[in-house]
Amino acid sequence: EFRAWRRRWNSMSSSILGVLLDPTTLGIVAIATGTVGYGAKASRAVDAISQTTDGAIGVDAVTHLEGKHAVLLPIVLSATLLTLFAFFDYIGLVFTLLGLAYAVGALGFLVHGALAGRLASRTGARALAGAVASCFGLWWLLTGHWLAGDVLACALCVLAMTLLRLPSLKVAAAVLVALIVFDVVWVFAPIGGRSVMVSVATKQSGNPATAAVTAALGTRPRWMTPSIAMLNKISVPSTTRGGGFAFLGLGDIVLPGVLVSFAARADSGRRPSYFATALGGYVVGLFCAVLASVAWHTAQPALLFLVPSTLCALMAAAAAHGELATLWHHAPSQAPLRPLELNSDHWDP
């Protein structure tokens, strides 16, 4: 019996290790973690700008989440999701192109923020940022390449993280737990035998650019994609699913990412760092979500794993520093940034 148990344990351990070290898994984890980490630092930099400048770009658009959002967000998101599920054939292309426009704008904003302090000409920085963002937008629109889509989707995530704020851990727990319920319901509750969340995430619309070129040339160029999906996820080519893709919804990046941003603003030379602890919890949650997906051979509500792991890691660090009660009720104080980082034309996290 012991030998049989040992063989089963070795087999299970090898399978788990194979999943964790699979290039697809590592790709999803690397992209999502990098986006969350960069977005959290960008959010902190925008906070610092708002404290030292008047009318900095984007500061007025910051939204502070409140307790009421624990009720409003699941209702609004559910209504949007069901509308897309039922009427995607009629409105899907509009949502897709609006998402593309926002993503190009977000990428241009981020590239400009990185270039503005390094180029002598502000006009040149804006022009170069716009050109880079437009090139990625066209690359994705014409070819549907997953890498271009991931760059644009990650830009959307970073911009969303810079514009959303949590005032306390109490509000964070209420809002994020409510969104776990939303995620679980629409991933597992089928309509017509299909998961609503997965169906909307994977739906595609006809590509108007390809249609126009095909009409003009009489044939479709092989490198152009006939259909495009919404920029609502990051995708990585799968090594185990016959050429398919593994994907992670943008909400699974932005929502825990807002909590990691909260942790970054609480840091002030503390060891262990709130930011590093929360980000580590996020990585653990990602790996758990991947393992659950492989074990049950179906899509999983990733927030069910990401929120508890990130929130519990942050609360444990706060308790270790004796600041759990303070952060439970209040927003963290902002630690000062280097003077060169604090100007409205150049913020580089």
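Report on the accompanying structure. (Residues numbered from 1 in each chain as written. Predicted model: local features only at pLDDT ≥ 70, side-chain atom pairs only at ≥ 80, totals over all residues. Heavy atoms only, no water.)

1. Some remarks on the packing of helix H3 (residues 69-115) against helix H6 (residues 169-188)
Filter applied, for reference: Fitting a line to C-alpha atoms yields each axis, with helices limited to the stretch in contact; the angle taken between N-to-C directions then spans 0 to 180 degrees. Helix and strand assignments come from DSSP, with helices taken as H or I runs of at least 4 residues and strands as E runs of at least 2, each series counted from the N terminus. Oblique is the label for any angle not covered by the other classes, which are roughly parallel (under 35 degrees), roughly antiparallel (over 145) and roughly perpendicular (65 to 115). Here a crossing is taken to be left-handed if its near helix is turned anticlockwise relative to the far helix by less than a right angle, and right-handed if that turn runs clockwise. Contacts were defined at the residue level, with two residues in contact if any of their heavy atoms lie within 4.5 Å.
One way to put it is that H3 packs onto H6 with a least axis distance of 8 Å and a crossing angle of 25°. As the angle between them shows, H3 and H6 are arranged roughly parallel. Handedness of the crossing formed by H3 with H6: right-handed. On H6, the residues touching His69, Ala70, Leu73, Pro74, Leu77, Ser78, Leu81 and Leu82 of H3 are Ala174, Val175, Ala178, Leu179, Phe182 and Trp186.

2. A word on the packing of aromatic side chains
For any pair of aromatic rings, geometry is given as the distance between the ring centres together with the angle between the planes. Counted only if it meets this: Pairs were defined over the aromatic rings of Phe, Tyr and Trp, the Trp ring being its six-membered one, requiring ring centres within 6.5 Å. Orientation was assigned from the angle between planes: stacked under 30 degrees, edge-to-face over 60, tilted for the rest. The buried label applies to any residue whose accessible area, calculated with a 1.4 Å probe on protein chains only, is under 20% of its type's maximum; exposed applies above 50%, and partly exposed to all values in between. For a ring to carry a charge above it, either NZ of a lysine or CZ of an arginine must fall within 6 Å of the ring centroid while also lying within 35 degrees of the normal to the ring plane.
Taken as a whole and assessed by the stated rule, the structure comprises one aromatic pair. Aromatic pair Phe136 and Trp139: ring centres 5.8 Å apart, planes at 45°, arrangement tilted. Placement of the pair is Phe136 and Trp139 together in helix H4 (residues 122-143), with a separation of three residues, close to one helical turn. Look at Phe136 and you get partly exposed, because its relative accessible area is 24%. Judged by relative accessible area, which is 33%, Trp139 ranks as partly exposed. Over the face of the ring belonging to Phe275 we find Lys41, whose NZ or CZ atom lies 4.4 Å from the ring centre.

3. Quick notes on the environment of Phe262
Along the chain, the position of Phe262 falls in helix H9 (residues 251-266). Looking at Phe262, the relative accessible area reads 0%, which means it is buried. C-alpha separation for the pair Phe262 and Ser168, spaced 94 residues apart in sequence, amounts to 8.2 Å. Beyond its immediate chain neighbours, meaning those up to four positions away, Phe262 contacts Leu166, Pro167, Ser168, Leu169, Leu314, Leu327, His330, Ala331 and Pro332.

Structural measurements only, silent on function.
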